[in-house]
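# Summary of structural features
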Amino acid sequence: MSHKSISAHEVMYDLIPRLNALEGQINNTVEAMITASQSPVEKKRNENLKIEFELELTMIRMNLQHLLSRYQNELQAVTRDDRQDILLALDKHETVAVQSAKALYDRVQRLQQGH
């Protein structure tokens, strides 16, 4: 199985900030949906959606923590100097986490836009 890679710069300046913003977006967007629910069924569906998003975010963070630990020195180097950027090889769990983070971000963006 081939593993993907990601640049240290992308991890530090795109992926991590997006995840942090995503957590707030999930809370704000889904809480507003729960509050605006017109029926108990709709409210329950939105509460379940929030739980689903939170579980997905937890799984992503757990797998990314492994990546951050494995490449701690490389990630610190790129924060000090962009010229130190390198590609980081992802294991299968980290690959899933990166793909899931991007998919969850897109899903929440669509939800915010009412799609």
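What counts, and at which threshold
Residues numbered from 1 in each chain as written. Predicted model: local features only at pLDDT ≥ 70, side-chain atom pairs only at ≥ 80, totals over all residues. Heavy atoms only, no water. Phe/Tyr/Trp six-rings, centres within 6.5 Å; stacked < 30°, edge-to-face > 60°. Lys NZ or Arg CZ within 6 Å of the ring centre and 35° of its normal. Helix = DSSP H or I, 4+ residues; strand = E, 2+ residues; numbered from the N terminus. Polar contact = N/O pair within 3.5 Å; in protein donor to acceptor, adjacent residues only side chain to side chain. Contact = heavy atoms within 4.5 Å. Salt bridge = Lys/Arg side-chain N within 4 Å of Asp/Glu carboxyl O. Buried < 20%, exposed > 50% of the residue type's maximum accessible area, 1.4 Å probe, protein only. Axes fitted to C-alpha atoms, helices over the stretch in contact; angles between N-to-C directions. Left-handed = near helix turned anticlockwise from the far one by under 90°. Nonpolar A, V, L, I, M, F, W, Y, C, P; charged D, E, K, R; others polar. Core = buried A, V, L, I, M, F, W, Y, C linked by side-chain atoms within 4.5 Å.

### Regarding the packing of aromatic side chains
The geometry of an aromatic ring pair is captured by the separation of the ring centres together with the interplanar angle, meaning the angle of the planes. Applying the stated criterion to the full structure yields 0 aromatic pairs. Seen from the ring of Tyr 105, Arg 18 lies directly overhead, with NZ or CZ sitting 4.3 Å from the centre.

### Considering the side chain of Glu 94
The topology assignment puts Glu 94 in helix α4 (residues 92-112). In terms of polar contacts, Glu 94 uses its side chain to reach the side chain of His 66, at 2.7 Å. Other than its neighbours up to four places away in sequence, Glu 94 contacts Asn 63, His 66, Leu 67, Arg 70 and Ala 89.

### Concerning the pattern of salt bridges
Counted under the stated rule, the structure contains 8 salt bridges. A salt bridge links Arg 61 to Glu 23, with the nearest nitrogen and oxygen atoms 3.3 Å apart. Of the two residues, Arg 61 sits in helix α2 (residues 40-70) while Glu 23 sits in helix α1 (residues 8-36), which places them 38 residues apart along the sequence. The shortest N-O distance in the salt bridge between Glu 54 and Lys 50 comes to 3.8 Å. One end of the pair is Glu 54 and the other is Lys 50, both in helix α2 and 4 residues apart, which spans about a single turn. In this structure Glu 54 comes out as partly exposed when scored by relative accessible area, which is 33%. One network of salt bridges, with partners in common, ties together Glu 31, Lys 50 and Glu 54.

### Points about the packing of α2 against α4
In a pair of packed helices, the angle between the axes and the distance between the axes together describe the arrangement. Close contact between α2 and α4 brings their axes to 9 Å; oriented N to C, the two are set at 145 degrees. For the pair α2 and α4, the crossing hand works out as left-handed. Two secondary-structure elements touch here, α2 through Leu 49, Glu 52, Phe 53, Glu 56, Leu 57, Met 59, Ile 60, Asn 63, Leu 64, His 66, Leu 67 and Arg 70 and α4 through His 93, Glu 94, Ala 97, Val 98, Ser 100, Ala 101, Leu 104, Arg 107, Val 108 and Leu 111. Within the contact of α2 with α4, the residues separate by chemical class into 13 nonpolar, 4 polar and 5 charged.

### Some details on the nonpolar core
Within soluble globular proteins, side chains that are nonpolar tend to cluster in buried spots. Judged by nonpolar contacts, the single largest core of 26 residues is most densely connected at Leu 22, Ile 26, Leu 64 and Leu 104. Counting only elements with at least two residues in this core, the list comes to α1, α2, α3 (72-80) and α4. The element best represented in this core is α1, accounting for 8 residues. When neighbours within four sequence positions are excluded, Leu 22 is seen to be in contact with Leu 57, Ala 101, Leu 104, Tyr 105 and Val 108.

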